[in-house]
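# Summary of the model geometry
Here are the chains, one letter per residue:
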Amino acid sequence: MQEHNISKGNFEQCLKCNICTQVCPMFEVNPHYPGPKQAGPDGERYRLKDPSFFDLTLKYCLNCKSCEVACPSGVKVGDIIQIARLKYGRQSNPLRDRMLASTDLVGTVASVLAPVANPILAFGPAKRVMDIFGVDHRRTFPKYSGEKFEQWFKKNAAPAQSRFKEHVAYFHGCYVNYNYPQLGKDFVKVMNACGYGVSLLEKERCCGVALISNGFGKQAAVQAAQNVDSIRKAGAPVLTTSSTCTFTIRDEYRNVLGLDCADMASTVELAVKWIYEKIASGKVNLRFRPDFHLKVVYHTACHMQKLGWALFSQELLKMIPGVELVVPEQHCCGIAGTFGFKKENYGYSQAIGQPLFDSLLAAGADAVATDCETCKWQIESGTGIPVLNPISILAMALLTD
């Protein structure tokens, strides 16, 4: 990682108003967590004098960025905490944390062994063994696909993309590649319907969010640099279908990992934002099935809230004639990537998510829409309601020849 000045300067703008603590979902359920003001700006003053002041309870920070959304002074509270964790923290369970953070390695192996890996990961005794290693037995792992999205794309979609005059590049992320290629297929379908071809990046690595949250900053920076290089070489707008991947690339590469990539950040955006703006400007006209009907409740993922782009997903869903959309008050789902998989965090994760589960169940919808894959896992586990990315709902509703 390169040296940066966030932790040394931005904290001085803190007014000590404690608004960040009032909106922190972890502070509400965990008496051990001091809250973002104390963990961030206040604690940084002490850590700069003596690193021994680092408080291990900072591990409870979800990095949801609710504190930063609420801060009236623009203090990068979440970034200050994440940087301190990377600089001074340590893994309480290095083997487990390494496994949870190694998404490309685990995904590659599990995809090859999917017919065997999926039943084993869902098998009660196997989950008890995982519990011994620190992964809570009540947590259900997402299934792995026997065919990675990249394999499907090269074999089935790539040849047809040359017929389009204009193209976009797709940063698909680990979830699409290893767990749910259908979302990637839906993305290709929608982009082609918009009149654009799709290409993949020259070399894509995991965005690094799991590495950052588990304390592996140096490896995260290496992977981030490789992604930055591929994005710069893309020669086309780079679109994504994950709010967390997008936020990590646009914000945390620079502000947490210290990469010099400001020129690249603005070229990466969520597909929902890009598509909405094309439709609103009259450059794209999509046709929808007259028989499509779906009642959808939209969940604003925390990183989507930080990006400020939830409106694009909501407005795009409203453009589909057969969609009845409900938008409840925003609540954190509580999973925070790999955080909710850890045995010591499971109870906090579920307690944070319960208000969201209750509001989604009360909406009586056919499906939940969200732009975050880990929110999908948490919501489906906590409510039993199917969760879809807005791009998938768009693909389902399209009228194709």
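Residues numbered from 1 in each chain as written. Predicted model: local features only at pLDDT ≥ 70, side-chain atom pairs only at ≥ 80, totals over all residues. Heavy atoms only, no water.

Below, the discussion takes up the overall build of the protein. Helix and strand counts for the protein come out as 23 helices and 8 strands. A compact globule built from 401 residues should have a C-alpha radius of gyration of about 21 Å, and the protein, at 21 Å, falls within 12% of that. The dimensions of the protein, computed from C-alpha atoms along their principal axes, are 65 × 50 × 40 Å. Counting every position in the protein, which comprises 401 residues, the buried fraction comes to 57%. The contacts in the protein between residues at least 6 apart in sequence include a share of 77% that link residues at least 24 apart. Separation of charge centres in the protein, based on 44 positive and 37 negative side chains, amounts to 3 Å. (Helix = DSSP H or I, 4+ residues; strand = E, 2+ residues; numbered from the N terminus. Rg over C-alpha atoms; globule rule 2.2 N^0.38 Å. Buried < 20%, exposed > 50% of the residue type's maximum accessible area, 1.4 Å probe, protein only. Contact = heavy atoms within 4.5 Å. Lys, Arg positive; Asp, Glu negative; His and termini not counted. Charge placed at Lys NZ, Arg CZ, Asp CG, Glu CD.)

Neighbouring strands of a sheet are bound in pairs by backbone hydrogen bonds; such pairs are parallel or else antiparallel. Read from one edge to the other, the open sheet built from 4 strands follows the order β2-β1-β3-β4, with strand pairing classed as parallel. Because the sheet does not close on itself, it has two edges, and the strands there are β2 (196–200) and β4 (268–270). Averaged over all pairs of adjacent strands, the angle between their axes in this sheet comes to 40°, without regard to strand direction. Pairing analysis gives 3 bridges linking strand β3 (residues 238–240) to β4, with the strands arranged parallel. Bridge pairing in β4 links leucine 239 to glutamate 269. Here helix α16 (residues 243–255) sits on the sheet and contacts β1 (166–171), β3 and β4; the angle it forms with β4, its principal contact strand, is near 155°. (Pairing = 2+ DSSP bridges. Axes fitted to C-alpha atoms, helices over the stretch in contact; angles between N-to-C directions.)

A word on the pattern of salt bridges. In this structure the tally under the stated criterion is 24 salt bridges. Salt-bridge contacts for aspartate 97 lead to lysine 342; the nearest nitrogen and oxygen are separated by 3.5 Å. One end of the pair, aspartate 97, is in helix α7 (residues 94–101); the other, lysine 342, is in the loop between β6 (323–326) and α21 (346–363), with 245 residues separating them in the sequence. Assigned by exposure class, aspartate 97 and lysine 342 land together as buried. Beyond isolated ion pairs, a larger network of salt bridges with shared partners links Glu12, Lys16, Lys37, Asp42 and Arg45. (Salt bridge = Lys/Arg side-chain N within 4 Å of Asp/Glu carboxyl O.)

Before going further, it helps to spend a moment on unusual backbone geometry. Only a minority of non-glycine residues have a phi that is not negative, and only a minority of peptide bonds are not trans. The backbone phi angle of lysine 16 is positive, close to 60°, even though this residue is not glycine. Its location among the elements puts lysine 16 in the loop between α1 (6–9) and α2 (19–23). We classify lysine 16 as partly exposed; its relative accessible area is 46%.

Further remarks concern helix α13 (residues 181–193). Between its first and last C-alpha atoms α13 spans 19 Å; for 13 residues at 1.5 Å apiece the expected length is 18 Å, and the two agree. All buried positions along α13 are accounted for by Pro181, Leu183, Gly184, Asp186, Phe187, Val188, Val190, Met191 and Asn192. Where α13 terminates, the next one or two residues include glycine 195, which has phi positive at roughly 95°. (Expected span 1.5 Å × (residues − 1).)

Parsing the protein into structural domains produces domain 1 (8–88) and domain 2 (294–397). Placing a centre on the C-alpha atoms of domain 1 and another on those of domain 2 gives a separation of 26 Å. Counting residues at the interface gives 15 residues for domain 1, matched by 12 residues for domain 2. When the two sides are added together, the surface that domain 1 and domain 2 hide from each other amounts to roughly 1100 Å², 71% of it contributed by carbon and sulfur. The largest contributions to the domain 1 side of the interface with domain 2 come from Val29, Leu62 and Val69, which together make up 38% of the buried area. Counting every contact that joins domain 1 to domain 2 gives 1 salt bridge. Secondary structure elements with two or more residues in the side of domain 1 that touches domain 2: α3 (25–29) and α5 (66–70). (Domains from an automatic or database assignment. Buried area = accessible area lost by both parts, 1.4 Å probe.)

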